[in-house]
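Residue-level structural notes
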Amino acid sequence: RTGSAFALFGIASVGLAALAFVTSLWNRRDPDANSLRIQGYVQRMFHAFVSYMRILGILTVDLHKPELLRNTAGRIIVANHPTLLDVVLLVAHLPQADCVVKREAWSNPYLRGPVQAAGYIPNGEGRELVDACVRRLAQGRCILLFPEGTRSPRDGLGRFRRGVAHIALEAGCDILPVRIRCEPPTLMRGQKWYEVPDRAMTYTLEPG
């Protein structure tokens, strides 16, 4: 069942890349509108993917205070990053999100097309990252960022990068923290996707 879910994700990513390419050709004059449209496609794809895994009995999701994730315009969302599925679960519940993504995604044949077309922002500590995020926030868009920069260590949180603080100070915006927990722990750093537990994963998302 887990294998079928990851296979579906790969196929859907290829389809999304093709759709992103066609959409970008359709309206080249307004890249911001194009990126928002593609982000909508990504959100619906992630929501369907989470629903598929729930139907298969792979996971359950316990979302606290869902209203906090429905009102995120002009805010930065920061979260810990315990598992491989964290960004999928968060984006599936957000009306819009400009994700700060690892630079390696632009070298991945499955992910390069969607992340580029969605206008996602490559991570880093430089001026380029801060300026890109501040510009989006000024437009009333939401930034999703994992300040550890990679998946959390097994024993807690990794060292936070400073980028999120610089962005928040320059943009003068609110930060919404989200705590993510997964029981039993799986899809963590160093674990293979097929090293699954013998019972369903329970994800708990706690905004605020």
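A brief look at the structure comes next. Nothing here was measured: the structure is a model prediction, and the numbers come from that model.

Turning our eyes to something else, we now look at the environment of M188. By the secondary structure assignment, M188 is in the loop between β6 (175-183) and β7 (201-207). Judged by relative accessible area, which is 9%, M188 ranks as buried. Between the C-alpha atom of M188 and that of T204, which follows or precedes it by 16 residues, the distance is 15 Å. Setting aside chain neighbours within four positions, we find M188 in contact with P82, R151 and R154.

Take the packing of aromatic side chains next. For any pair of aromatic rings, the description rests on two quantities: the centre-to-centre distance and the angle between the ring planes. Under the counting rule described, the total for this entry stands at two aromatic pairs. A centroid spacing of 5.9 Å and a plane angle of 25° characterise the contact between F9 and F46, whose relative ring orientation is stacked. Residue F9 is located in helix α1 (residues 2-26), and its partner F46 is located in helix α2 (residues 31-56); the two are separated by 37 residues in the primary sequence. Arranged with centres 5.0 Å apart and planes meeting at 55°, the rings of F9 and F49 form a pair that is tilted. Note that F9 is positioned in helix α1 and F49 in helix α2, a separation of 40 residues in sequence.

Applying the stated criterion to the full structure yields eight salt bridges. In this structure, R141 engages D98 in a salt bridge whose closest nitrogen and oxygen atoms are separated by 2.8 Å. Note that R141 is positioned in the loop between α6 (127-138) and β5 (143-145) and D98 in strand β3 (residues 98-101), a separation of 43 residues in sequence. Summarising the burial analysis for this pair, R141 and D98 share the class buried. One salt-bridge network, in which partners are shared between bridges, spans D32, D98, R135, R136 and R141.

Here α2 contains 26 residues, and its C-alpha end-to-end distance of 37 Å stays within 8% of the 38 Å for a straight helix at 1.5 Å per residue. When we look at burial in α2, the residues that qualify are N34, S35, I38, Q39, G40, V42, Q43, M45, F46, F49, V50 and M53. Looking at the residues trailing α2, positive phi occurs at G57, about 80°.

The rules we used
Residues numbered from 1 in each chain as written. Predicted model: local features only at pLDDT ≥ 70, side-chain atom pairs only at ≥ 80, totals over all residues. Heavy atoms only, no water. Helix = DSSP H or I, 4+ residues; strand = E, 2+ residues; numbered from the N terminus. Buried < 20%, exposed > 50% of the residue type's maximum accessible area, 1.4 Å probe, protein only. Contact = heavy atoms within 4.5 Å. Phe/Tyr/Trp six-rings, centres within 6.5 Å; stacked < 30°, edge-to-face > 60°. Salt bridge = Lys/Arg side-chain N within 4 Å of Asp/Glu carboxyl O. Expected span 1.5 Å × (residues − 1).

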